[in-house]
Structures are given as C-alpha cells and as structure tokens.
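So the chains spell out like this:
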Amino acid sequence: MKRSLVMAVAAASFTMAGVASAQDRSDWPDNFTVGTASQGGTYFAYGSGWANFVAENLGVSGGAEITGGPVQNMALVHTGQLKFGLTTLGPARESLDGNSPLAPGMKMDNVCALFPMYETPFSVTALSSSGITNISEIPAGSTIGFGPAGSTSDTYFPKMMDTLGVDYRRRNGSWTDLGGQLQDGLIDVVAFAAGIPIPAVSQLEVQTSVNILEFTEEEQQKLIDAFPVSAFTIPASTYSTLKEDARAVSMWNFAIASCDVSESFVYEMTKLTMENNDKMVSIHKAATNSVPENYTKNTFLPWHPGAARWFNENGYTIDANLIK
C-alpha cells in the first residue's frame, strides 16, 4: 500500500513537472538562427557550434547564418530579422547610440545581452616571404585585407592603421577568401579582428610560412588611447608560428538576442552555456573566456531578462537598471 502511494505521488509529481515544462515552453520559438559572420572566422565556428549545442540540448531546431558580422548582426537582431547574434562591444555601442554605418540615426535598442563570449584581438598577418616583420615595415601602398565590409575589423582596423601611419589600399572579403589571396600574393597583409585561434590563420600556417606582426608598446598605447580597446597578449601557444607571446589589443564580444524573445528560453540557453564551459571550449578554444565572471565587461548593453535572471540567481549581480 505504501509502495502504491509512493508510486502515485511520483506519477503525480512527474505529471506536474511535465505540465510545468509544457507551460514553460509555451512561448518558446519553434526554431532559432544565430547571426555570425563570414566563414573562416571565429564567429562562424563559435556561433554555429553554439547553435547546435543549444538545439541538441533544448530540443529546438537551430543553426547559424553567415552575415557581415557584428555591425550587421546588431541591425538584424534589432529589426527582428534574426532573433540571436554575436557582436563586439565597440560596434554595439555605436549601434545603440544611433551611429551604425548601416543605419545612421537608428538607435538599435531592441538588442539585449546574453553572456560574455571572448575578447577579439586585433592582429596582423603577412607571408614570411614578404619580409614584413612588424607594422612599421608594411610598405606604402600595400593592399591590406580588412575582412567583410561592416565587420569589426573593417570598422576599426583601417582607422587604427591610419593612427599608426600606415599607407594602404583597402580590400574586403571573407577571412577564408582573404587568406587565399594573401597566400597567392594578391594582397600584402591581412588585418584580422577575430577570436583566437583564427581558423584562416591556422590554415595558412599549414600551407605556407607566415609572420604574425605584434604591436610595439608605443603602437599598442596609441591604439588604446584612440579606440575602445584594451591591451591583450596573444599566447605563443595559439599558433605554431609564434615563438613567444605577441602584443596586441582587443575588444570584448557578447552573444545577443532580440529583447522580446521568450524569457524562459533565454534563461535555459544562458544556463546551458554558462554551466558547461568545457563543452563550449570543445566548440572553440576562444570559449575559454565564455565564463560568467566576465559579465562585468558589458557596462551599457541592456541585459535580456532571461539571461539576467540566471546571472542574479548565481551570484553575478546585474542592476535592475541594466535589465531591459
């Protein structure tokens, strides 16, 4: 009799849990798409891997879409064309303030932060055969690949090169395409802004000999003074080409969502991501920094209520005025 009672209670509890689960999912999307960037870059590898990880564990069909990168992702998420995306805080600040080059004057305020991803280092690569070993040796008039039009690299790196006194011709394209052009001698340098290791650089290392150009201390400080970047060190272990750590600068990246996406769905996405860093690192090494402690790197982008609930429940305090 006692056993029957226990089984009845268990069955009732299971039924209640099932009902609660169904209620929790009532406003969940049937599917979702994450805006990333071009193939050959970290955004695409990270974003497609994350989308698959979420889809497999939450039972919602999901995938990644190739886009122009952080600037376009802000616009796509703000307008609702995509519900999720990845962005860099520099372009995010400009977009939020209405200074996006894609839509000047439009304040993109329907974009909410989900979780910290990683820092985007700004790094420069040339073929070893070019003889270019540092920034100051880039010949006047060199053709530099700055990534997809409207990307973080394309938005900031040309201005950085101007600040450092480099005379160049500008070239845009996907990281994979630009890597191929560099290998074929069609361009002289590629200025990458992407999480490390950058797939296109790793591929180049296998196929040819390259130089990864680090900034001098003076160059690094000039960039820190002029742009929303901070000092960064590319560990020597990142690439076989590097024999010692390389000086660089970086910007933080965050996953984003339309602020009107289901709170419970975003809560579960955030919980899954923040509580399984080992799985995220298996997707891409840059996810080593996709940990909750780095939530403080975002000081202006409003947090999605679902994401904020997970952070606040786990001791990472987000002020109410920063929650949408």
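Up top is the structure these notes are about.
Computed from a predicted model, the values in this text were never measured in an experiment.

What counts, and at which threshold
Here the residue numbers are simple positions, counted from 1 along each chain's written sequence. For a predicted model such as this one, the threshold for reporting local features is a pLDDT of at least 70, and the threshold for listing and counting side-chain atom pairs is 80 or more; totals across whole chains, interfaces and linings nevertheless cover every residue. As a rule here, side-chain values cover all heavy atoms of the structure and leave hydrogens and water aside. Pairing between two strands requires that DSSP report at least two bridges joining them. Secondary structure is summarised from DSSP: a helix means a run of H or I of at least four residues, a strand means a run of E of at least two, and numbering begins at the N terminus for each. The path from the first strand over the helix to the second decides the hand: if it runs clockwise while the strands point away from the viewer, the crossover is right-handed. What counts as a disulfide here is a pair of cysteine sulfur atoms lying within 2.5 Å. Between N-to-C directions, angles span 0 to 180 degrees; the directions come from axes that are lines fitted to C-alpha atoms, helices contributing only their stretch in contact. When describing relative orientation, an angle under 35 degrees is termed roughly parallel and one over 145 degrees roughly antiparallel, while 65 to 115 degrees is termed roughly perpendicular and anything else oblique. Throughout, a crossing is termed right-handed when the near helix is turned clockwise from the far one, and left-handed when it is turned anticlockwise from it by less than a right angle. Every residue pair with non-hydrogen atoms within 4.5 Å of one another is taken to be in contact. All amino acids are sorted into three groups, where Ala, Val, Leu, Ile, Met, Phe, Trp, Tyr, Cys and Pro are nonpolar, Asp, Glu, Lys and Arg are charged, and the leftover types, Gly among them, are polar. Three exposure classes are used, based on accessible area relative to the maximum for each residue type with a 1.4 Å probe and protein chains only: buried under 20%, partly exposed in between, and exposed over 50%.

Trainee: An account of the pairing of strand β6 (residues 168–171) is needed here, citing residue identities and associated values.
Mentor: For a regular strand, the rule is simple: side chains alternate between the two faces of the sheet. In the sheet, strand β5 (residues 142–145) pairs with β6 via four bridges, with the strands oriented parallel. Residue pairing across strands places Ser 142 opposite Tyr 168, the latter belonging to β6. In this view, the connection linking β5 to its parallel neighbour β6 by way of helix α5 (residues 152–163) has right-handed handedness.

Trainee: So what's going on with the state of the cysteines? Which residues, and what values?
Mentor: Under the defined criterion, the tally for this structure stands at one disulfide. Here Cys 112 connects covalently by a disulfide to Cys 259, the sulfurs 2.1 Å from one another. Torsion about the S-S bond of the Cys 112 and Cys 259 cystine: about 105°, corresponding to right-handed handedness. In this pair, Cys 112 is assigned in strand β4 (residues 111–127) and Cys 259 in the loop between β10 (246–258) and α9 (263–274), connecting sequence segments 147 residues apart.

Trainee: Lay out the packing of helix α6 (residues 175–183) against helix α7 (residues 199–207) with the relevant residues and their values.
Mentor: Closest axis-to-axis distance for the α6/α7 pair is 9 Å, and the angle between their directions is 30°. Relative to α7, α6 is oriented roughly parallel. For the pair α6 and α7, the sense of crossing is right-handed. In this structure, α6 contributes Trp 175, Thr 176, Gly 179, Leu 182 and Gln 183 to the contact, and α7 contributes Ala 200, Leu 204 and Gln 207. Considering only residue class, the contact of α6 with α7 consists of four nonpolar, four polar and no charged.

Trainee: Account for unusual backbone geometry, naming residues and giving values.
Mentor: The residue after Ile 196, namely Pro 197, is reached through a cis peptide bond having omega -5°. With respect to the secondary-structure elements, Pro 197 resides in the loop between β7 (189–193) and α7.

Trainee: I'd like a description of the pairing of β10, backed by residues and values.
Mentor: Within β10, 12 of the 13 residues are buried, leaving the element largely enclosed by the surrounding structure. Here strand β9 (residues 230–234) runs beside β10; their pairing, made up of five bridges, is antiparallel. In the sheet register, Ser 230 faces β10, and the bridge partner there is Ser 250.

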